[in-house]
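# Commentary on secondary and tertiary structure
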Amino acid sequence: MAEGADSVVSLEGLIGRLRRSRRLKLILFLSPGLTVLIIFFFSPFIFSLLFSLGMFTKTVVDGVSRWVFIPYPELEYYSSFLTSKSTLNSVFQSIYYASVTTLGTLLLSFPMAYYMALKMDRGTKNIALFLIFLPFWINFLIRVYAIKFIIHPDGPLSFLLVSIGVLDEGLRILGTDIAVLITMVYSYMIFMLLPVYGVMEKLNREYIEAAYTLGATPLKTLLRVTIPIVKPGIIAGSLLVFIPAMGEFIIPIMVGGGRSYPIGRLIYDQFIRIGPPLGFAYGSAAAMVYIVLIVVSTYLYFRFVGGEVRLV
Amino acid sequence: MSSRRDFLRVAVAGVAGLALGGVAGYYARQDEVDRLKGKVEELLGRVGIELEEDFNLFNWTWYANLELIEEWASENNINLQIDHYESNDELVSELELGARQYDVVVPSASYIPTLIERGILQPIDLDKIPNADNIPESFMGREWDPDNEYTLIYSYGTTAIAYNEEKLDEEITSWGDIFDVENPDSIIRRHSGRVTMLPESIEVMDAAAIYLGYPIDTTDENQLEDIANLLIAQKDHLYGYVGTEEYMEELPRGSLFYISQSWNGDIAGVIWDSSEREVKMSILNPHVKYVIPEEGAVAWFDNFAIPANAENIENAHAFINWFLDPVISAIHTMTVKYPFPAGIKYVPEIIRNDQTIFIPESLYDKLYWTILTPELESLWQQYWQRVQTA
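Only a predicted model underlies this, so the values are computations on that prediction, with no experimental measurement involved.

If you tally the helices and strands in chain A, you get 13 helices and two strands. For 312 residues, the compact-globule formula gives about 20 Å, and the C-alpha radius of gyration of chain A, at 26 Å, lies well above that figure. Dimensions of chain A along its principal axes, counting C-alpha atoms only, are 70 × 65 × 40 Å. Buried positions account for 31% of the 312 residues belonging to chain A. Expressed as a percentage of contacts within chain A between residues at least 6 apart in sequence, the contacts between residues at least 24 apart total 67%.

Written as structure tokens, this is what we have:
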């Protein structure tokens, strides 16, 4: 069994080497995740880049429409995207939706997280967390449909408001920005609540008590003690909400009207409705601009808000 | 059908066994065996048993009796997959991408020359579709496919305006009622936010062109500019760009919106008590109206076609042939209230006389249609893009 013994030795040797070598450990731990990222993030990125430069396109070859590679980049799609006033409307609308959603989720989450972390006992806390997660067992689209049903002019909310005499006719918010924003704040709230709650949980109650003892008003305590301590959670939550909210397209399609046309919906329409080759090229150029926008806004955010990011 | 297939297999084995001389030292010659095999092959072909396992249909929303199609599939032991779209834009994009494979699709005539030119469709073998004889002469050999090499008529209709008359004090008669946004007394201004347009670029732009009195295949940039500006101005007073499923649900209630650019058969499906799974024959929503405006409207012709990347070609032909059976076509018409020409003679008179379903001949000279070239399409898409993002 000389061979078997050999392999045992080498396996032990390998484990030993792994223990000693940081580099090997790094490769072993990182490679599965990196592989997934490379396949599912970088390759679409590279394809989008090629589409947006018109280098990977469809043309008719021998009577059949085929994908072809063209080695000359064209900036036509970028220039038509960036010089069109109307596409910039889409960009601004996305920024508007994402900012309001971030602010809205923060305003709703902060007091809730504060109360949960500092005023609830362990058991109640767990129940509260369970209740927060509960809606996420239901499919996202169904939750959006539910909101659509609730705010529909024939829906329960309108019925209630009309029957108690607040309104004369059903609500007219479906198909407007208000409906989009309500739905977005609701859908993204958990991504703000959890990181803020996570940091709040570790907040040492004695700091707050100390502030009170030293004569600080509740407002001052909030501004000078609580918020600075919870800031990493707020930053993490804001990024988790802002970035996906910038690309949101399903909610505007489902509850927004014709005026609700953020960049996510533009990209979606270009890919799904217009399709290759033109829609892919134009949609990819838009997607690239979107990525740059995200990177720049994230950078600016760190630059001016600063601080470390702590996810939960 | 598996039992019948097995039965035939056994029968083939029996015949072949005989031929190969299971009996008393008789050995058949090779050519004799081949002849017999051919005979059996022919037999299988005739009873339509050589079908593939899968069949993928990509059709418009609300456009066939789904129950009946499911029955056809299960009877023939076929794995059926039906996906839906709500605009030609979606269909063309999906076909051009080719990521999903479909065996039968139903594009509108105006898109067909482009699809053929781009090699996205494959020829239909009319020998495998004897029921094509049931199609009235007037629907064969039309300008978009003169020899019916790639397509056969599926259904046809118009794009015009539907509204819930309980919500309006007057009748809608003109495209101006939903386009004249400059005039504060126009219907669209008085019912701002209660009007929808279709989510299909060409349909919306055609309607604006007809209202402005421009040809619906204009390439004149000034005219296209006018069309885009009109649509952008109209957008302020729209609920949105809404497809079949949503307007069929909302129009009869009229609480969210009550005036919709729409397809005639969808509205017939609202007026008549209908379901995609049953034949129902009573009026349910008489207060929903469909009008062809005085300026005219677009007529369209949807067609069966087989994509070039289809994998289940036998099934595709078998399906089309089955659908074109006059009785089957008539059942589909009685279900979703779109006219399927092959079955017209079996459709009850009460449906045949419905002017929402069957366009009255007196309106024929008010209907326009066009054939899109790829150039025209990409030019129009640029303007449509501007409208959407405005």
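We now examine the environment of Pro339(B). All names here are of chain B. Take Pro339: it is sitting in the loop between α13 (326–336) and α14 (349–352). Each C-alpha atom of the pair Pro339 and Val279 lies 14 Å from the other, and the pair is 60 residues apart in sequence. Those residues in contact with Pro339 that sit more than four places away from it in its chain are Ser155, Tyr156, Thr333, Ile344, Ile357 and Phe358.

Okay, the environment of Leu107(A) next. Locating Leu107(A) in the fold gives a position in helix α4 (residues 85–119). For the pair Leu107(A) and Tyr96(A), spaced eleven residues apart in sequence, the C-alpha to C-alpha distance is 16 Å.

With 28 residues of chain B at the interface, the matching set in chain A holds 29 residues. Among the elements of the structure, α4 (88–97), β7 (238–241) and α15 (374–389) of chain B are those that each provide at least two residues to the side of chain B that touches chain A. Looking at the side of chain B that touches chain A, the element that brings in the most residues is α4(B), giving seven residues. Split by residue class, the side of chain B that touches chain A holds nine nonpolar, ten polar and nine charged.

For the rest of this paragraph, the subject is the packing of helix α9 (residues 221–235) of chain B against α15(B). Residue and element names in this part refer to chain B. Their axes nearest at 9 Å, the elements α9 and α15 cross at an angle of 20 degrees. Looking at the two axes, α9 sits roughly parallel to α15. Viewed along their axes, α9 and α15 form a crossing whose handedness is right-handed. Side by side, α9 and α15 meet where Leu224, Ile227, Ala228, Leu231 and Ile232 of the first sit next to Tyr383, Arg386 and Val387 of the second.

Before going further, it helps to spend a moment on the pairing of strand β8 (residues 259–263) of chain B. Residues and elements named next belong to chain B. Counted residue by residue, β8 has five buried out of five residues, so it is predominantly covered. What you see with β8 is no split at all: Ile259, Gln261 and Trp263 on one side and Ser260 and Ser262 on the other are buried throughout. The sheet contact formed by strand β5 (residues 151–164) and β8 spans five bridges and is antiparallel. Across the sheet, residue Ala160 finds its bridge partner in β8, namely Ser262. Bridging between strand β6 (residues 195–197) and β8 involves two bridges; their strand directions are parallel. In the strand pairing of β8, Thr196 is matched with Ser260.

With that settled, the discussion passes to the domain arrangement of chain A. All names here are of chain A. Splitting chain A by domain gives domain 1 (2–52) and domain 2 (76–305). When each unit is reduced to the centre of its C-alpha atoms, the spacing between domain 1 and domain 2 is 37 Å. Here the side of domain 1 that touches domain 2 is built from residues that sort into two nonpolar, two polar and no charged.

Compared with an ideal rise of 1.5 Å per residue, which puts 28 residues at 40 Å, helix α13 (residues 278–305) of chain A spans 40 Å between its outermost C-alpha atoms and is within 8% of the ideal. Within the sequence span of α13(A), burial applies to Leu278(A), Gly279(A), Phe280(A), Ala281(A), Tyr282(A), Gly283(A), Ser284(A), Ala285(A), Ala286(A) and Ala287(A).

Since the α-helix advances by 3.6 residues per turn, residues separated by three or four positions end up pointing in the same direction. Taking burial as the measure, the twelve residues of helix α12 (residues 263–274) of chain A include ten buried ones, the bulk of the element. Buried residues of α12(A): Ile263(A), Gly264(A), Arg265(A), Leu266(A), Ile267(A), Asp269(A), Gln270(A), Phe271(A), Arg273(A) and Ile274(A), and no others.

It is worth spelling out the pairing of strand β9 (residues 288–291) of chain B at this point. Residue and element names in this part refer to chain B. Only one face of β9 is buried: it carries Val288 and Tyr290, and the other face, with Lys289 and Val291, is open. Direction of pairing for β5 relative to β9: antiparallel, over a ladder of four bridges. Its bridge partner lying in β9, Ala162 is registered against Tyr290.

In this structure, Val196(A), Val104(B), Ala208(B) and Ile320(B) are the most contacted members of the largest nonpolar core, which totals 147 residues. Excluding residues that lie within four positions of it along the chain, Ala208(B) makes contacts with Phe179(B), Ile227(B), Leu230(B) and Leu231(B). Counting 19 residues, the second largest nonpolar core, distinct from the first, contains Tyr261(A), Ile267(A), Ile274(A) and Tyr282(A).

Atom-level detail of predicted coordinates should not be read off regions where pLDDT is low. Residue and element names in this part refer to chain B. Averaged over all residues, the pLDDT of chain B is 86; the fraction at 70 or higher stands at 87%. Confidence over residues 1–29 falls short of pLDDT 50; this stretch has 26 contacts with residues more than four positions distant or in other chains. Low pLDDT, under 50, characterises residues 43–47; the predicted model gives this stretch four contacts beyond four residues in sequence or across chains. If you check the scores for this complex, the pTM reads 0.81 and the ipTM reads 0.77.

Let us look at the environment of Ser84(A). Residues and elements named next belong to chain A. For Ser84, the position within the fold is in the loop between α3 (76–83) and α4. Using a count of 16 C-beta atoms within 10 Å as the deciding quantity, one classes Ser84 as partly exposed. Separated by 43 residues in the primary sequence, Ser84 and Phe41 place their C-alpha atoms 28 Å from one another.

So, how was this worked out
Residues numbered from 1 in each chain as written. Chains lettered and ligands numbered in written order. Predicted model: local features only at pLDDT ≥ 70, side-chain atom pairs only at ≥ 80, totals over all residues. Helix = DSSP H or I, 4+ residues; strand = E, 2+ residues; numbered from the N terminus. Rg over C-alpha atoms; globule rule 2.2 N^0.38 Å. Buried ≥ 20, exposed ≤ 12 C-beta atoms within 10 Å, placed from the backbone. Contact = placed C-beta atoms within 7 Å. Nonpolar A, V, L, I, M, F, W, Y, C, P; charged D, E, K, R; others polar. Axes fitted to C-alpha atoms, helices over the stretch in contact; angles between N-to-C directions. Parallel < 35°, antiparallel > 145°, perpendicular 65-115°, else oblique. Left-handed = near helix turned anticlockwise from the far one by under 90°. Pairing = 2+ DSSP bridges. Domains from an automatic or database assignment. Expected span 1.5 Å × (residues − 1). Core = buried A, V, L, I, M, F, W, Y, C linked by C-beta atoms within 7 Å. pLDDT = per-residue confidence, 0-100.

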